[in-house]
Amino acid sequence: MKDILAVAKENNFAVPAFNTSSNMILTGVIQESVAQDSPVIVAIHPDELSFVQNSFIKAVIDEANHAPVPVCIHLDHGGSYEDCVKAISLGFTSVMIDASLLPFEENIALCKKVCETAHASADYVSVEGELGTIGNTDSIETGTNEIRYTDPEDAERFIKETGIDALAIAIGTSHGLYPKGFEPKLRIDILDEIKKVADVPLVLHGGSSNPDSEIETAVCHGINKVNISSDIKAPFYEKCREVLADRSLREPNAIYPPCIEALRKVAGQKIELFHSAGKASLYR
């Protein structure tokens, strides 16, 4: 991920990180990234990993090795040092250690420990940390009911003392789909201040349901990785419910193709929104 995001940072675009928890979702994510000629980050949360099992990572690695675009396999919101070590042993090329709910000094200490291990691995595994806390409307993700914005001064110290390769910041997003009537608003002013002191790529989590204009503005102001989970899963499973209304269908190859296509449509919109379409050419 360090190499992929370095190019994004230099060329002012964001790489999509799509949470992937089944072979069908993986197929859609890879197919659309190839169609859009975009680098992509396949993100897998520990809860998702416990569902798909360790063997799923072999399939992701195979897809990544055969894709004509840059692919990173990323542990999303690792909750412990052990989560990260397990991911490294399975072949993830990037891990996130989310200690954002810990006191500041403990967050630094844990991130530094993960970096020392990940960076010492044979293939240099990248590390993402998080500072500040974003909201949470989704049971699978970590977070709080309230947003604690990232302090720019803390961010500068955090990056220097931990050695992280990317920093997830809190500027006004929440995990999951927002309830009806809730209008999120990003603090671009905070992003601008963090950008002045951060020498690593910046990450935006919880971008589902934010207005496209806000997300695009955040990318233009220095966000280089955007995590997307609910926004691609919702259309996939909505289409599944629609298809399964025909009770005669029972074969996966009859049920899932339209669901994958529904996912791809949204994934493609996100890739264009992040200005990542066509950017795979920058890596060749």
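Conventions adopted
- Residues numbered from 1 in each chain as written.
- Predicted model: local features only at pLDDT ≥ 70, side-chain atom pairs only at ≥ 80, totals over all residues.
- Heavy atoms only, no water.
- Helix = DSSP H or I, 4+ residues; strand = E, 2+ residues; numbered from the N terminus.
- Polar contact = N/O pair within 3.5 Å; in protein donor to acceptor, adjacent residues only side chain to side chain.
- Buried < 20%, exposed > 50% of the residue type's maximum accessible area, 1.4 Å probe, protein only.
- Pairing = 2+ DSSP bridges.
- Core = buried A, V, L, I, M, F, W, Y, C linked by side-chain atoms within 4.5 Å.
- Contact = heavy atoms within 4.5 Å.
- Axes fitted to C-alpha atoms, helices over the stretch in contact; angles between N-to-C directions.
- Phe/Tyr/Trp six-rings, centres within 6.5 Å; stacked < 30°, edge-to-face > 60°.
- Disulfide = S-S within 2.5 Å.

A. Expanded view of the environment of aspartate 98. Relative to the assigned elements, aspartate 98 resides in the loop between β4 (94-97) and α6 (104-120). Sequence separation of aspartate 98 and methionine 24 is 74 residues, and the distance between their C-alpha atoms is 27 Å. One polar contact links aspartate 98 to histidine 77, side chain to side chain, over a distance of 2.8 Å.

B. Highlighting the pairing of strand β1 (residues 15-19). Of all five residues that make up β1, five are buried, and the element is covered over most of its length. Sheet topology places β1 next to strand β10 (residues 223-228); four bridges connect them, and they run parallel. From the neighbouring strand, phenylalanine 18 faces β10, where its bridge partner is isoleucine 228. With three bridges joining them, β1 and strand β2 (residues 40-44) adopt parallel strand pairing.

C. Expanded view of the nonpolar core. Within the largest apolar cluster, 73 residues are counted, with the highest numbers of intra-cluster contacts made by Val95, Leu167 and Ile232. Broken down by element, this core gets its largest block of residues, eight residues, from helix α11 (residues 252-273). Excluding residues that lie within four positions of it along the chain, valine 95 makes contacts with His74, Leu75, Cys84, Ala87, Ile88, Val114, Val125, Ser126, Val127 and Glu128. Listed in part, the 15 residues of the second largest apolar core include Met1, Ile4, Leu5 and Met96.

D. Region of interest: the sheet that holds β10. Read around the closed barrel, eight strands run β1-β2-β3-β4-β5-β7-β9-β10, paired in parallel fashion. Across the sheet, the mean angle from the axis of one strand to that of its neighbour is 25 degrees, orientation sign disregarded. For β2 and strand β3 (residues 71-78), the ladder comprises five bridges, and the chain directions are parallel. Across the sheet, the residue bridging to valine 42 is isoleucine 73, located in β3. Taken strand by strand, helix α8 (residues 188-197) contacts β7 (166-169), β9 (202-204) and β10, and its axis lies near 155 degrees from that of β9.

E. Representation of the packing of aromatic side chains within the structure. All chains considered together, the criterion is met by three aromatic pairs. Pairing phenylalanine 104 with phenylalanine 158 gives two aromatic rings, centres 6.3 Å apart and planes at 40 degrees, and the pair type is tilted. With phenylalanine 104 in helix α6 and phenylalanine 158 in helix α7 (residues 152-162), this residue pair connects regions lying 54 residues apart in the sequence. A relative accessible area of 0% places phenylalanine 158 in the buried class. Ring geometry for phenylalanine 236 versus tyrosine 237: centroids 4.8 Å apart, planes at 75 degrees, classification edge-to-face. Tyrosine 237 sits in the partly exposed class, given a relative accessible area of 35%. Through successive ring pairs, a cluster of aromatic residues spans Phe236, Tyr237 and Tyr256.

F. Examining the state of the cysteines more closely. For the structure on display, the rule yields zero disulfides. There is no disulfide at cysteine 111, and the cysteine sulfur nearest it, in cysteine 115, is 6.5 Å away. For cysteine 259, which is in no disulfide, the shortest distance to another cysteine sulfur is to cysteine 240 and amounts to 3.2 Å.

G. Geometry of the side chain of serine 22. Secondary-structure assignment places serine 22 in the loop between β1 and α2 (23-35). One polar contact links the side chain of serine 22 to the main-chain amide nitrogen of isoleucine 25, over a distance of 3.1 Å. Excluding residues that lie within four positions of it along the chain, serine 22 makes contacts with Val52 and Phe56.

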